[in-house]
Amino acid sequence: MTFRARKPSGADVSGDVRATGGLMDVQPERANYETTVRLRTGETFEYSLLGLPVPLARNVDGGPPTYRYPPFPDDGQPGVAFQQLDIEGPLSPDTWPPPSHRVLFGDLPIRKSKNGSVLRVEVVSENPQHDARRLIRGFIERAARQPVSDETRETFEQLILYRLKQGATFTEAMLAGYEAFLCSGHMLYLHEPVSPQADRSDLGTKADVQYSIASRLSHFLTNTRPDPQLLDRARNKQLLDADILRQETNRLIEGNGFERFVENFTDYWLSLRHIHRDEPDVRLHPEYRFDAYLVESMERETRAFFTAMIRQNYPVSVLLDADFAYVNDRLAQHYQLPPVSGSAIRKVPLPDDSPYGGLLTQAAILKVTANGTTTSPVVRGAWIMERLIGQPPPPPPASVPAVEPDIRGAKTVRDLLALHTKSESCAKCHARFDPVGLALENFDIFGGWRTQYRSLAEGKNVSGIDRAGHNFEYTLASAVDASGVLRDGRDFQNIHDLKKLLSADPRQSGRNLLQQFTVYATGTPVRFSDRREIEKILNTVAMDGYRTADLLHALIQSEIFQGPHATEAIP
Amino acid sequence: MQRTYDKPLNFWSRRPFLRGLAVSLALPWLETIESVSANDKANTAEPPRRMLLISNNLGVLPKPFFPQDAGADYELSPYLSELSALRDDFTVISGLSHPDVAGGHSTENCFLTAARGPTRSGFRNSISLDQFAAETLGPVTRFPTLNLGVNIDKANRSLSWTRDGSLLPAEDSAPSLFRRMFVQGNPTEVARQMRRLDERGSILDTLMDDARRLETRLSRNDRARLDQYLTSVREVEERLDSAREWEQQPKPVTDRTPPDEITDKKLFFEKFDLMLSMAQLALESDSTRIVTLMVDAFATPVFELHKDQQTTDGYHNLSHHGQSEEKVAQLKDADRQQMSLLREVLQNFADHQHGERRLLDSTMVLYGSNMGDSNTHDNTNLPILLAGGGFRHGQHLAFDRENNTPLSNLFVSMLQRLGVEADQFGSGSGTLTGLDVGP
């Protein structure tokens, strides 16, 4: 059973609580569990149970609270007994002053500010001019992505000295200097790798190319400036050496900062930043009521899967199909797999007949391509073609109205889509993406497997008490038909067939992933003139079956990433 | 359909609040007008013109909003019947949209900018109506504009955008807005703030020096990029100068106690009501002459429709009603309540006399949305209502529903009425036909 600490989000907001602190996976053995919850003055916290039914508490006629549950399964629900709860605090920080303070003020003594300062504490300097020079130099060395000239450094020194002369305290003057440097072009602009010939300025010298590559690499894989080791490599002009660049790339991939890449890249490429966008329509999908744990688990699954694609160097075919999945207790249940225990995401093999496996059928992907109430093969199909296959649909003609959503059950989605085929101008484009969407119709708004659509109007009635103790009632309407024909004429009966058809072209999957990496790493989409280079990269990784980390390395070693100078002889 | 307000203790109920307002603010308002007219020579006789621009990013149900027939004798639609007492003080306009601004919800940030192609890669927003107007009017008030929000996702949505397409975050906290408008710092605080502004000035000088040195070493391409940077530094400098001047001016006086914060997104109407009150307070105290208010229905979860009734779905899910009768009924209810809040604002402006004229006659109030029909993500035939400002109202201006007229034409009319000499804005190349200035 999994618990998580949470606390109210605001003093006057009843019932709105936010997750905080860590998870507790309570196992059958007796044990102590510990979480750290950061509380401000007056804040409270509580623990919530994840992934299991929660009762609806009601006070009937002002009486004592009664709790309403859905019917228990035959073998009962798990339970847990707590013996005691110890609370310890306030917790003292590991070091004082914290490291962030030391970066700014070193070991200078601290005292309470005198009246008139916006700061509550200040540092004391016996020799302000000397300390100011020393501190700003250290700060700039740490913050800049490449060496900064003495002249530039002096500009910021002068500001600090001027503020001191104007009567600012030492602390205020230093902060003004730091603020100025962080707002300056040295911080706000990234230097792109360029060839010395193309740029007559001194930014294109060999040393600068080294720093530009270091910076591009670290911003790509860790979302931040180069670390000291990478800067060292640049200073020693080692980054055009293929082996060293590969070592450095691997170091960043294995490091902690890589999580930032995974998070940001999947946020945009796979729209994971929209994972919480649509709340499920609980009339049609009562089983998903208040199941934030499921949504959060699916998000973690996709990020864990993508991390493994690179760190385990999986072939890109796993974008579309795989015989394994990354699940926790809730997802195993969601995917109808043998139960696993605990909230931690781990790799499990999939049975042969499972429709899951591969990004294409992950719950997170199926959720961000639905709207909380219904699924649209058009929206899903177009999204999959653009993001996972790399064949974005052309923009729709301006005059076409959207198919008006109608959930009264009068028409099936397939009927609506059939209207497309009547008009030739519609049919030409829709043939590119509707079929893929149709094959995914067996997956509901959260990616759960379904064989029949649900409705509120016609069909067999289903009713009961949902996981949060509310009554529900919906109908089972028409059966799902997930068959279709691809544009090239190949037909499929279901998702299994479609996965086979799509994964037959790993080169296209590789090309797509390269394009996604390129735009993220360089800020520029793959241009026509890059095509030759892209195919060259694909050739180098083809032998080993288009593996993800191989693709990443090959891109980083290419002209697309390093700029045209890479072809020059290395001195 | 009437709302009851039964929580007077933890938020400002409009009614007591406005009663207080009439007493406490009438005098300071006149005082500010006097002091303003000294440095506002163009407008010595006329009261200054103001505008309040409101958008709900999920819009309203189109059918009950738009009247059936056009012209001055039109019959009020179900929604507009909420405003029947003010019939001659507003114009409802159909057949307007922003050309080439499509793509469902992505258009929400373009409502006041008309920037084309919000879904295109590399899209960049352009200057919004309020900022454009403020640029021309100059720093005549403490705040060139105020940009307010209800339930707003501040990081991603705003009605207000700078010339280079940066988002200006909305203020969604009434108490903090109140502090900025009315609470006078003591001399120590003012001195501290002046020192802080002075420090910013020094930082900007340094940045200019540093950037100029960088400039001599750059290629032509990079120089253009740096030029954008220098321009924005200069703009910050200008704003700083104005802030320095205002820091030393006394703030208007009010005897109102500061409003309480409402953070609960469920209390959608209470928040909307409170922000409308703050907008009025800002305009009436001449803290600013331009206010935008983005009602972020998209970010509004399940909310309280009535005291003991919550919606079945979040606002966004409701808006995709798919003709479900249950959802449509809730939307209608919510829409009507918003029309009724709008009526109260207009009525207050109408009741507020300034000399011969009503405050409403010098204050334009725009209510609209970037969504023509949220159910289908349609961005044409936007619901638009303009009240006050001295136009000849009392009509339904109906433009072609198949071939829409640019909404920016209305913006040009409004700009001119505000005293901004502009003959184009956004995609508008002239004023809106049929909307004339009244007597």
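Look up: the structure comes first, before these words.
Here the structure is a predicted model, which means the values were calculated and not measured.

Of the residues lining the interface, 38 residues belong to chain B; the matching set on chain A comes to 42 residues. For the pair chain B and chain A, the two sides together bury roughly 3,500 Å², of which 49% comes from carbon and sulfur. Counting across the chain B and chain A interface gives six salt bridges. At the boundary of chain B and chain A, one finds 10 residue pairs in polar contact (both at pLDDT 80 or more). Per-element accounting of the side of chain B that touches chain A gives the leading share, 14 residues, to helix 5 (residues 187-215) of chain B.

Residue and element names in this part refer to chain B. Spatial ordering of the open sheet is given by 4-5-1-10-11-2-12, a layout of seven strands whose pairing is mixed. Strands with a single pairing partner mark the edges of an open sheet, and in this sheet they are strand 4 (146-150) and strand 12 (395-398). On average, each strand axis in the sheet is tilted by 15° relative to the strand beside it, whichever way the strands run. Lying over the sheet, helix 9 (residues 325-351) contacts strand 1 (50-56), strand 10 (363-368) and strand 11 (384-388), oriented at roughly 175° with respect to strand 10. In this fold helix 10 (residues 407-418) packs onto strand 1, strand 2 (90-94), strand 5 (290-295), strand 10 and strand 11, with an angle of close to 165° to the strand it touches most, strand 10.

The next subject is the packing of aromatic side chains. Residue and element names in this part refer to chain A. Taken as a whole and judged by the stated rule, the model has 42 aromatic pairs over all chains. Residues Phe261 and Phe517 carry aromatic rings whose centres are separated by 6.5 Å and whose planes lie at 40° to one another, so their mutual orientation is tilted. Of this pair, Phe261 sits in helix 9 (residues 258-269) while Phe517 sits in helix 17 (residues 506-522); the two residues are 256 residues apart in sequence, bridging distant segments of the chain. Of the two residues, Phe261 and Phe517, neither departs from the other in class, the shared state being buried. Where Phe265 meets Tyr520, the ring centres are 5.2 Å apart and the plane angle is 85°; that geometry is what we call edge-to-face. On the criterion of sequence distance, the pair formed by Phe265 in helix 9 and Tyr520 in helix 17 is long-range, its members being 255 residues apart. Residue Phe265 is classed as buried on the basis of its relative accessible area of 2%. By way of ring pairs, the aromatic residues Phe220, Phe258, Phe261, Phe265, Trp269, Phe306, Phe517, Tyr520 and Phe561 are connected into one cluster. When the ring centre of Phe561 is taken as reference, the NZ or CZ atom of Arg216 above it lies at 5.8 Å. Sitting over the face of the ring of Phe290, Arg289 holds its NZ or CZ atom 5.9 Å from the ring centroid.

As a further point, take the packing of helix 13 (residues 377-389) of chain A against helix 17 of chain A. When two helices pack together, you describe them by how their axes are tilted relative to each other and by the distance separating the axes. All names here are of chain A. Running from amino to carboxyl end, helix 13 crosses helix 17 at an angle of 80°, the nearest separation of the two axes being 8 Å. In terms of their interaxial angle, helix 13 and helix 17 are classed as roughly perpendicular. Note on element contacts: helix 17 touches helix 13 through Gln508, Asn512 and Gln516, opposite Glu386, Arg387, Leu388 and Ile389. Considering only residue class, the contact of helix 13 with helix 17 consists of two nonpolar, three polar and two charged.

Residue and element names in this part refer to chain A. Enumeration over the complete set of coordinates arrives at 47 salt bridges over all chains. Residues Arg330 and Asp291 are paired through a salt bridge, measuring 2.8 Å at the closest nitrogen-oxygen approach. Placement of the pair is Arg330 in helix 11 (residues 329-334) and Asp291 in the loop between helix 9 and helix 10 (292-311), with a sequence separation of 39 residues. A residue is classified by how much of its surface remains accessible, and Arg330, at 9% relative accessible area, is buried.

As a further point, take the packing of helix 17 of chain A against helix 18 (residues 531-542) of chain A. Residue and element names in this part refer to chain A. Running from N to C, helix 17 and helix 18 point in directions that differ by 125°, and their axes come no closer than 10 Å. What the angle tells us is that helix 17 and helix 18 run oblique. For the crossing formed where helix 17 meets helix 18, the hand is right-handed. The segment helix 17 lies against helix 18, with Arg507, Gly510, Arg511, Leu514 and Thr518 engaging Ile534, Glu535, Ile537, Leu538, Asn539 and Ala542. Of the residues that constitute the contact of helix 17 with helix 18, the class distribution is five nonpolar, three polar and three charged.

Looking now at the side chain of B:Thr107. Residue and element names in this part refer to chain B. Its place among the elements puts Thr107 in the loop between strand 3 (96-97) and helix 3 (129-137). Given a relative accessible area of 2%, Thr107 falls into the buried group. A distance of 2.9 Å separates polar atoms of two side chains, one belonging to Thr107 and the other to Asn370. What Thr107 contacts, discounting residues up to four positions off in sequence, is Val101, Ala102, Pro118, Asn370, Met371 and Asn379.

This part covers helix 19 (residues 548-556) of chain A. The element helix 19 of chain A is extensively covered by neighbouring structure, given that nine of its nine residues are classed as buried. Every buried residue of helix 19 of chain A is listed here: A:Thr548, A:Ala549, A:Asp550, A:Leu551, A:Leu552, A:His553, A:Ala554, A:Leu555 and A:Ile556.

On to the sheet that holds strand 10 (residues 452-455) of chain A. All names here are of chain A. Strand order in the open sheet formed by three strands is 10-12-11, with antiparallel pairing between adjacent strands. Pairing within the sheet leaves two strands with one partner each, and these edge strands are strand 10 and strand 11 (460-465). On average, adjacent strands in this sheet sit at an angle of 35° to one another, irrespective of strand direction. Examined bridge by bridge, strand 10 and strand 12 (residues 471-479) share three bridges and lie antiparallel to one another. From the neighbouring strand, Ser455 faces strand 12, where its bridge partner is Thr475.

Turning next to a nonpolar patch on the surface. All names here are of chain A. Together, Tyr67, Tyr69 and Phe72 give the surface a local cluster of nonpolar side chains, amounting to about 350 Å² of exposed area. Its place among the elements puts Tyr69 in the loop between strand 5 (66-68) and helix 1 (99-105). When its relative accessible area of 38% is taken as the criterion, Tyr69 is described as partly exposed.

Relative to the assigned elements, A:Thr302 resides in helix 10. In this structure, A:Thr302 is in contact with A:Leu270, A:Leu272, A:Leu359, A:Gln362 and A:Ala364, ignoring residues within four places of it in sequence.

This part covers helix 9 of chain B. An ideal rise of 1.5 Å per residue puts 39 Å on 27 residues; helix 9 of chain B measures up with 39 Å between its terminal C-alpha atoms. Counting buried positions over the 27 residues of helix 9 of chain B gives 20, a clear majority of the element.

Moving on to the environment of A:Ser463. Residue and element names in this part refer to chain A. Note that Ser463 resides in strand 11. Classification of Ser463 by relative accessible area gives exposed; the value is 51%. A sequence separation of 12 residues divides Ser463 from Thr475, and the C-alpha atoms of the two residues are 8.4 Å apart. Residue contacts for Ser463: discarding those within four places in its chain leaves Phe472 and Glu473.

Now for the pairing of strand 11 of chain A. Remember that side chains alternate between the two faces of the sheet whenever the strand is regular. All names here are of chain A. Pairing of strand 11 with strand 12, which is carried by six bridges, proceeds in the antiparallel orientation. Looking at strand 12, one finds that Ser463 is bridged to Glu473. Hairpin connection between strand 11 and strand 12: a loop of five residues separates the two successive antiparallel strands, and Gly469 in this loop has a positive phi of roughly 85°.

Over the atoms, a rolling probe the size of a water molecule traces out where space has been left empty. Residue and element names in this part refer to chain B. Considering all chains together, one arrives at nine cavities of 30 Å³ or more under this definition. One number sums up the size of the largest cavity: a volume of about 80 Å³. Lining the largest cavity we find 13 residues, and of these Leu58, Gly59, Val60, Leu61 and Leu331 sit closest to its centre. Looking at the lining of the largest cavity, the elements with two or more residues in it are helix 8 (315-319) and helix 9.

Criteria and cut-off values
- Residues numbered from 1 in each chain as written.
- Chains lettered and ligands numbered in written order.
- Predicted model: local features only at pLDDT ≥ 70, side-chain atom pairs only at ≥ 80, totals over all residues.
- Heavy atoms only, no water.
- Contact = heavy atoms within 4.5 Å.
- Buried area = accessible area lost by both parts, 1.4 Å probe.
- Salt bridge = Lys/Arg side-chain N within 4 Å of Asp/Glu carboxyl O.
- Polar contact = N/O pair within 3.5 Å; in protein donor to acceptor, adjacent residues only side chain to side chain.
- Helix = DSSP H or I, 4+ residues; strand = E, 2+ residues; numbered from the N terminus.
- Pairing = 2+ DSSP bridges.
- Axes fitted to C-alpha atoms, helices over the stretch in contact; angles between N-to-C directions.
- Phe/Tyr/Trp six-rings, centres within 6.5 Å; stacked < 30°, edge-to-face > 60°.
- Buried < 20%, exposed > 50% of the residue type's maximum accessible area, 1.4 Å probe, protein only.
- Lys NZ or Arg CZ within 6 Å of the ring centre and 35° of its normal.
- Parallel < 35°, antiparallel > 145°, perpendicular 65-115°, else oblique.
- Nonpolar A, V, L, I, M, F, W, Y, C, P; charged D, E, K, R; others polar.
- Left-handed = near helix turned anticlockwise from the far one by under 90°.
- Patch = residues over 30% accessible without salt bridge, like charges linked within 9 Å, V, L, I, M, F, W, Y side chains within 5 Å.
- Areas by Shrake-Rupley, 256 points an atom, 1.4 Å probe, with all protein chains shown as cover.
- Expected span 1.5 Å × (residues − 1).
- 1 Å grid on protein atoms, 1.4 Å probe; cavity = no way out; pocket = protein on both sides within 12 Å on 5 of 7 lines; lining within 4 Å.
- Points joined across faces, edges and corners; volume = space filled by probe spheres on them.

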